[in-house]
Amino acid sequence: MAEKKFTTTSGIEIREVYTEHQTAKELPGEFPFTRGIQKDMYRGKTWTMRQYAGFSTAEESNKRYHYLLSQGTMGLSVAFDLPTQIGYDSDHDMADGEVGKVGVAIDSLRDMEILFEGIELQKITTSMTINATASILLAMYIAVAKKQGADISQISGTIQNDILKEYAARGTYIYPPKPSMRLVTDVFEYCSKEVPKWNTISISGYHIREAGSTAVQELAFTLANGKAYLTAAIEKGLDINVFAKRLSFFFNCHNNFFEEIAKFRAARRMWAKITKDLGATDSSAQKLRFHTQTGGSTLTAQQPLNNIVRVSNQALAAVLGGTQSLHTNGYDEALSLPTEAAAKIALRTQQIIAFESGVTETVDPLAGSYFVESLTDELEAAAWKYIDTIDAMGGSVNAIESGYMQQEIGNSAYQYQLDLEEVNRILVGVNTFTEQESSNTEVFRIDDSIRKVQTEKLIKLKAERNAEAVSSALSDLAKAAAGTENLMPYILNAVEVYATLGEIADTLRNEFGEY
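Just so we're clear, the structure is a prediction, and the values are computed from it rather than from any experiment.

Analysis parameters
- Residues numbered from 1 in each chain as written.
- Predicted model: local features only at pLDDT ≥ 70, side-chain atom pairs only at ≥ 80, totals over all residues.
- Heavy atoms only, no water.
- Helix = DSSP H or I, 4+ residues; strand = E, 2+ residues; numbered from the N terminus.
- Buried < 20%, exposed > 50% of the residue type's maximum accessible area, 1.4 Å probe, protein only.
- Contact = heavy atoms within 4.5 Å.
- Areas by Shrake-Rupley, 256 points an atom, 1.4 Å probe, with all protein chains shown as cover.
- Lys, Arg positive; Asp, Glu negative; His and termini not counted.
- Charge placed at Lys NZ, Arg CZ, Asp CG, Glu CD.
- Axes fitted to C-alpha atoms, helices over the stretch in contact; angles between N-to-C directions.
- Parallel < 35°, antiparallel > 145°, perpendicular 65-115°, else oblique.
- Nonpolar A, V, L, I, M, F, W, Y, C, P; charged D, E, K, R; others polar.
- Phe/Tyr/Trp six-rings, centres within 6.5 Å; stacked < 30°, edge-to-face > 60°.
- Lys NZ or Arg CZ within 6 Å of the ring centre and 35° of its normal.
- Patch = residues over 30% accessible without salt bridge, like charges linked within 9 Å, V, L, I, M, F, W, Y side chains within 5 Å.
- Salt bridge = Lys/Arg side-chain N within 4 Å of Asp/Glu carboxyl O.
- Pairing = 2+ DSSP bridges.
- Expected span 1.5 Å × (residues − 1).

### Topic: the overall build of the protein
For step 1, the next point in the chain: Scanning the protein from terminus to terminus reveals 20 helices and nine strands.
For step 2, the next point in the chain: Dimensions of the protein along its principal axes, counting C-alpha atoms only, are 80 × 60 × 45 Å.
For step 3, the next point in the chain: Within the protein, buried positions represent 56% of all 515 residues.
For step 4, the next point in the chain: Long-range contacts, defined here as pairs at least 24 residues apart, represent 79% of the contacts in the protein between residues at least 6 apart.
For step 5, the next point in the chain: Taken as a whole, the protein presents about 20900 Å² of accessible surface, with 50% of it coming from carbon and sulfur.
For step 6, the next point in the chain: Placing the 49 positive and 66 negative side-chain charges of the protein at their respective mean positions leaves the two points 5 Å apart.

### Digging into the packing of helix α6 (residues 177–194) against helix α19 (residues 488–496)
For step 1, the next point in the chain: Interhelical geometry of α6 versus α19 gives an angle of 90° and a closest axis separation of 9 Å. In terms of their interaxial angle, α6 and α19 are classed as roughly perpendicular. Two secondary-structure elements touch here, α6 through Leu183, Asp186, Val187 and Tyr190 and α19 through Met488, Pro489, Ile491 and Leu492.
For step 2, the next point in the chain: In terms of residue class, the contact of α6 with α19 is built from seven nonpolar, no polar and one charged.

### Details of the environment of Gln350
For step 1, the next point in the chain: Tracing the backbone shows Gln350 in helix α13 (residues 340–356).
For step 2, the next point in the chain: Taking the C-alpha atoms as reference, Gln350 lies 29 Å from Glu166; in sequence the two are 184 residues apart.
For step 3, the next point in the chain: Every residue in contact with Gln350, bar those within four places of it in the chain, is listed here: Trp47, Thr48, Met49, Arg50, Gln51, Leu326, His327 and Thr328.

### Regarding the packing of aromatic side chains
For step 1, the next point in the chain: Overall, the coordinates contain 21 aromatic pairs when judged by the stated rule.
For step 2, the next point in the chain: Ring geometry for Tyr173 against Tyr515: centres 5.4 Å apart, planes inclined by 75°, an arrangement best described as edge-to-face. Placement of the pair is Tyr173 in the loop between α5 (164–170) and α6 and Tyr515 in the segment after α20 (501–512), with a sequence separation of 342 residues.
For step 3, the next point in the chain: Members of the aromatic cluster, connected to one another through ring pairs, are Phe249, Phe251, Phe264, Trp271 and Phe290.
For step 4, the next point in the chain: Across the ring face of Phe31, the terminal group of Lys276 is positioned such that the distance to the ring centre comes to 4.8 Å.
For step 5, the next point in the chain: Its guanidinium or amino end placed over the ring of Tyr88, Arg509 lies 4.6 Å from that ring's centre, counting from NZ or CZ.

### Quick notes on a nonpolar patch on the surface
For step 1, the next point in the chain: Taken together, the side chains of Val423, Ile426, Val428 and Phe433 define a hydrophobic patch exposed on the protein surface, amounting to about 390 Å² of accessible area.
For step 2, the next point in the chain: Along the chain, the position of Val423 falls in the loop between α16 (404–421) and α17 (449–464).
For step 3, the next point in the chain: Overall, Val423 belongs to the partly exposed group, its relative accessible area being 42%.

### A word on the pairing of strand β3 (residues 125–129)
For step 1, the next point in the chain: Among the five residues in β3, four count as buried, and that is most of the element.
For step 2, the next point in the chain: Two elements, strand β2 (residues 75–79) and β3, share five bridges in a ladder whose sense is parallel. What sits directly across from Gly75, in β3, is Thr125.
For step 3, the next point in the chain: Here β3 runs beside strand β4 (residues 156–159); their pairing, made up of four bridges, is parallel. Looking at the pairing, Thr125 lines up with Ser156 of β4.

### Re the side chain of Asp186
For step 1, the next point in the chain: Considering the arrangement of structural elements, one finds Asp186 in helix α6.
For step 2, the next point in the chain: Asp186 gets classed as buried once you look at its relative accessible area, which sits at 1%.
For step 3, the next point in the chain: Here Asp186 is in contact with Lys236, Glu485, Asn486, Leu487 and Met488, once residues within four sequence places are set aside.

### Considerations on α13
The α-helix winds at 3.6 residues per turn, so residues separated by three or four positions along the chain end up facing the same way.
For step 1, the next point in the chain: In a regular helix each residue adds 1.5 Å, so 17 residues correspond to 24 Å; α13 covers 23 Å between its end C-alpha atoms and thus fits that length.
For step 2, the next point in the chain: All of the buried residues in α13 are Ala342, Ala343, Ala346, Leu347, Thr349, Gln350, Gln351, Ile353 and Ala354.
For step 3, the next point in the chain: A positive phi of about 85° marks Gly358, the residue just after α13.

### A look at the packing of helix α4 (residues 134–147) against α6
For step 1, the next point in the chain: At a minimum axis separation of 10 Å, α4 and α6 run at an interaxial angle of 25°. Taken together, the axes of α4 and α6 are roughly parallel relative to one another. For the pair α4 and α6, contact is made by Ser135, Leu138 and Ile142 and by Leu183, Val187, Tyr190 and Cys191, respectively.

### Overview of the environment of Ser156
For step 1, the next point in the chain: Here Ser156 shows up in strand β4.
For step 2, the next point in the chain: When the C-alpha atoms of Ser156 and Phe221 are compared, they prove to be 27 Å apart, with 65 residues separating the residues in sequence.
For step 3, the next point in the chain: With residues up to four places along the chain from it excluded, the contact list for Ser156 reads Ile124, Thr125, Thr126, Lys197 and Trp198.

### Describing the pattern of salt bridges
For step 1, the next point in the chain: Under the definition given, this model contains 30 salt bridges.
For step 2, the next point in the chain: Two residues, Arg182 and Asp186, come together in a salt bridge whose shortest N-O distance is 3.8 Å. Here Arg182 and its partner Asp186 are both found in helix α6, four residues apart, which amounts to about one turn of the helix. Each member of the pair, Arg182 together with Asp186, is buried.
For step 3, the next point in the chain: When the shortest N-O distance is used, the salt bridge between Glu456 and Lys452 registers 2.8 Å. Here Lys452 and Glu456 lie together in helix α17, a separation of four residues that amounts to about one turn.

### Some thoughts on the environment of Asn510
For step 1, the next point in the chain: Mapped onto the secondary structure, Asn510 falls in helix α20.
For step 2, the next point in the chain: Using a relative accessible area of 67% as the deciding quantity, one classes Asn510 as exposed.

### Notes on unusual backbone geometry
For step 1, the next point in the chain: Residue Pro32 follows Phe31 across a cis peptide bond; omega there is 5°.
For step 2, the next point in the chain: One can find Pro32 in the segment before β1 (48–53).
For step 3, the next point in the chain: At Asn161, a position not held by glycine, the phi torsion is positive, near 60°.
For step 4, the next point in the chain: By the secondary structure assignment, Asn161 is in the loop between β4 and α5.
For step 5, the next point in the chain: Given the relative accessible area of 3%, Asn161 is considered buried.

Given below as structure tokens:
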């Protein structure tokens, strides 16, 4: 009878026992930062506890933000609905059935003003999960901060702005890859001068993993995309020692506890080498800073309370892996948007880990573990093989345009599903330990009347705004898009005269085309 083999989700074989490893002599805060980017890590400051929220109208989301801040959330993380993500106003035919469903509907600066009413933007950090329309939403945020009287050079937060993973895994792109990359690097350049504390991109492995990749693929494809952004910014004439400090990453955390910890440690080490090879000499420009969200695709609609345990396991792995920021999913998110009760339990999970578990009291507590150190090396080696393949293809843009990344992710997703169906991999409550159950879990629903509300707001806005100023601003934007100027000042100007998100996106569609 053949001996049973144990592997991680990436297919890396797990030995029965690990008896030796040449443990690195490096200290936390030192290149290549395997053990963490700060020498004292959570002894000095705990990670930022974020809760990803946004639904329905700006008014309703604003109430949730105030609630989360009152419960101890340290930073906001904004979810936008699908029409907002792909550049359609709520009254567009393509928005029908989707307004306010998976995030908040933002059609204009007026909505953004309502979204952050009573929240001083200079005193909090905000992460915005938006990509194809990232430049427009950032312009709206800056405009709100200016209206509040904030010094925009002091506002801080993160815009996701990672368009490459949209082509590879998620699908909410608008324009072809090259003009999309122009918008990304325009944001880099503008913020480096005007909003220097803003993290101008959050390079996302999260959605790559949600699409079905392995941990190794998430690591490799995310860092390959990061390398593409570095190269594009350098070609634009930006100084890597300046702009690389404003890049951050967004990783997923799934259930394989030690593999996830090793993934985060390997990511720091690999990014340090990538930035150094591209010319970064400032240690701050070589450090990989990352936000983590627990795995949405790991949540089950069956026996949903089991998800509290999954989320706790994943959150602890993220902390032991050295995350700078963390969002924990609600246990009911396989069924609906999280209820207020589920969001509170998710936040309390982080607070219990931070203040009761003791794992924050020393830096990289698993360092020196034969298993963790070996697994870190093996994940790194496997990820470099992917990156070498992508480099040979000419980089991430070419790898995406050829369908390489998409095919690799699709193959892994298919294999995972087969493993579940053949019970080669156990999912508690789904393919083992199942029950006959009728769900009585409370769910959070958004009704279709939100579109009518948003449409009425748009009609009112267009009647009250200066139509001539809007027309002039959009015309200026179109001319700039046809040339080579940085588009951010033109987008900000259009936003401030209350041009809508859809009008701005359509202006760029007319110049760039759709992909």
